[in-house]
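Structural characterization, general
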Amino acid sequence: MPHEIKPVNLGGVNCYLVKTGAGFILIDTGFPSKRAALEREMEKEGCQPGNLKLIVLTHGDADHAGNGAYLREKYGAQIAMHPDDWGMVERGDMGWNRKAKPDKMSIVFKIMGALIMFFSKASQFDLFKPDLAVDEGFDLSEYGADAKVVHIPGHSKGSIGVLTTGGDLFCGDLLYNMPGFFVADDAADYNASLKKLSSLKINTVYPGHGKPFSLEAFMKKKNRYL
Ligand SMILES: [Zn+2]
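Residues numbered from 1 in each chain as written. Predicted model: local features only at pLDDT ≥ 70, side-chain atom pairs only at ≥ 80, totals over all residues. Heavy atoms only, no water.

1. Let's talk about the sheet that holds strand β4 (residues 52-56)
Reading across the sheet, the six strands line up as β1-β2-β3-β4-β5-β6 and stay open at both edges, with mixed pairing between neighbours. Of all strands in the sheet, those bounded by a partner on one side alone are β1 (4-10) and β6 (132-133). By the bridge criterion, three bridges tie β4 to strand β5 (residues 78-81) in an arrangement that is parallel. Across the sheet, I55 pairs through a bridge with I79, a residue of β5. Strands in contact with helix α1 (residues 35-44) are β1, β2 (13-20), β3 (23-27) and β4; relative to β1, the strand with the most contacts, it is inclined by about 160°. Where helix α3 (residues 68-75) meets the sheet, it contacts β3, β4 and β5, and its direction lies at approximately 170° from that of β4. (Pairing = 2+ DSSP bridges. Helix = DSSP H or I, 4+ residues; strand = E, 2+ residues; numbered from the N terminus. Contact = heavy atoms within 4.5 Å. Axes fitted to C-alpha atoms, helices over the stretch in contact; angles between N-to-C directions.)

2. Describing the coordination of the zinc ion
Within the protein, the atoms that donate to the zinc ion are D63 (OD), H64 (NE2), D173 (OD) and H209 (NE2), at distances of 2.1 to 2.4 Å. For the zinc ion, the four donor atoms in the first shell make angles of 91 to 162° at the metal, so the coordination geometry reads as irregular. Taken in sequence order, the residues that donate to the zinc ion follow the motif D-H-x108-D-x35-H. A residue pair is termed long-range when its members are at least 10 positions apart, and D173 in the loop between β9 (168-172) and α6 (187-198) and H209 in the loop between β10 (204-207) and β11 (213-214) qualify at 36 residues. You can call D173 buried: its relative accessible area is 2%. (Donors = N, O, S within 2.8 Å, 3.2 Å for Na, K, Ca; no water. Tetrahedral: all angles 85-135°; square planar, octahedral: opposite > 155°, others 65-115°. Buried < 20%, exposed > 50% of the residue type's maximum accessible area, 1.4 Å probe, protein only.)

3. Observations concerning empty space enclosed by the protein
Taken as a whole and judged by the stated rule, the model has one cavity of 30 Å³ or more. Approximately 50 Å³ is the volume found for the largest cavity. Considering the residues around the largest cavity, the lining is formed by H3, V18, I25, I27, L140, A145, A147, V162, T164 and F170. Mapped onto the lining of the largest cavity, the elements with two or more residues apiece are β3 and β8 (160-164). Each residue belonging to the lining of the largest cavity can be placed in one class, and the counts come to eight nonpolar, two polar and no charged. (1 Å grid on protein atoms, 1.4 Å probe; cavity = no way out; pocket = protein on both sides within 12 Å on 5 of 7 lines; lining within 4 Å. Points joined across faces, edges and corners; volume = space filled by probe spheres on them. Nonpolar A, V, L, I, M, F, W, Y, C, P; charged D, E, K, R; others polar.)

4. Things to note about the pairing of β10
Alignment of β9 against β10, held across four bridges, turns out to be parallel. Bridged to L169 within β10 is V205. Direction of pairing for β10 relative to β11: antiparallel, over a ladder of two bridges. When the bridges of β11 are listed, V205 appears paired with F213. Between β10 and β11, which pair antiparallel one after the other, the connecting turn spans five residues, and G210 there sits at a positive phi close to 100°.

5. So, the packing of aromatic side chains
All chains considered together, the criterion is met by six aromatic pairs. Geometrically, the ring pair formed by Y16 and Y206 is edge-to-face, given 5.5 Å between the ring centres and 80° between the ring planes. Here Y16 is found in strand β2, whereas its partner Y206 is found in strand β10, with 190 residues between them in sequence. Ring geometry for F125 against F128: centres 6.4 Å apart, planes inclined by 45°, an arrangement best described as tilted. Taken individually, F125 and F128 each receive the classification buried, so the pair is uniform in this respect. R35 extends its terminal NZ or CZ atom over the ring of Y70, reaching a point 4.1 Å from the ring centre. (Phe/Tyr/Trp six-rings, centres within 6.5 Å; stacked < 30°, edge-to-face > 60°. Lys NZ or Arg CZ within 6 Å of the ring centre and 35° of its normal.)

6. Concerning the pairing of β3
Counted residue by residue, β3 has five buried out of five residues, so it is predominantly covered. Direction of pairing for β2 relative to β3: antiparallel, over a ladder of five bridges. When the sheet's bridge partners are listed, L17 is paired in β3 with L26. Hairpin geometry of β2 and β3 is characterised by an intervening segment of two residues between the two adjacent antiparallel strands. When β3 meets β4, the two strands line up parallel, connected through four bridges. Within the sheet, the bridge partner assigned to I25 lies in β4 and is L54. Regarding topology, α1 serves as the crossover connection from β3 to the parallel β4, and that connection is right-handed. (Right-handed = clockwise from strand over helix to strand, strands pointing away.)

7. So, the packing of α1 against α3
It is at 12 Å that the axes of α1 and α3 come closest, and there the two elements cross at 40°. By the angle between their directions, the pair α1 and α3 is classed as oblique. Taken as a pair, α1 and α3 cross one another with a handedness that is right-handed. Residues R35, L38, E39 and M42 of α1 touch α3, and the partners they reach there are Y70, L71, K74 and Y75. A per-class count over the contact of α1 with α3 returns five nonpolar, no polar and three charged. (Parallel < 35°, antiparallel > 145°, perpendicular 65-115°, else oblique. Left-handed = near helix turned anticlockwise from the far one by under 90°.)

Okay, here's the thing in structure tokens:
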């Protein structure tokens, strides 16, 4: 099944509307404050209640999960997420299941988390319980896409990517396309996930932040987190 990818940049956070033969899959949802802009883009592509088959959240941070509850209600689509991040959206706590012991990275995280929650609270992040617990190998073909879930922890324990058979990877926040900007909760997990990706057939990476890029070119760069 062929698919078309429509990136939607919502104030620096990317969502991806994937058009398949069967309807649409939305990967990530942006901040609640960007809801109107997201809905405009969805409408432009013909995505409406009834043909949005699935919402995949690459992880539980509010800048990606922020419109999950609203979109599920309005469009009647189920929300798929890795169980290791569910507590984040059920409680509105981005530190849930992240490292408790402060180190350099987790302090950065705590500051970022507090800032993100501040902004998302200001625009009312609706807590929710996802519908589908997905993990490595979860097949999206019944939702119309020739794609599978890959579990790529590092940014959070329950971070997932969506990899199509054609080699497009939606990677959430494991990899950013922003200069010098990598945020890992767990460096060992992060490195293991990167190693895993390098063993897969991946051409283009569609990140949560920044423009799409080639994985091959990324792996050649010296200034990556590893
Ligand atoms: Zn993010």
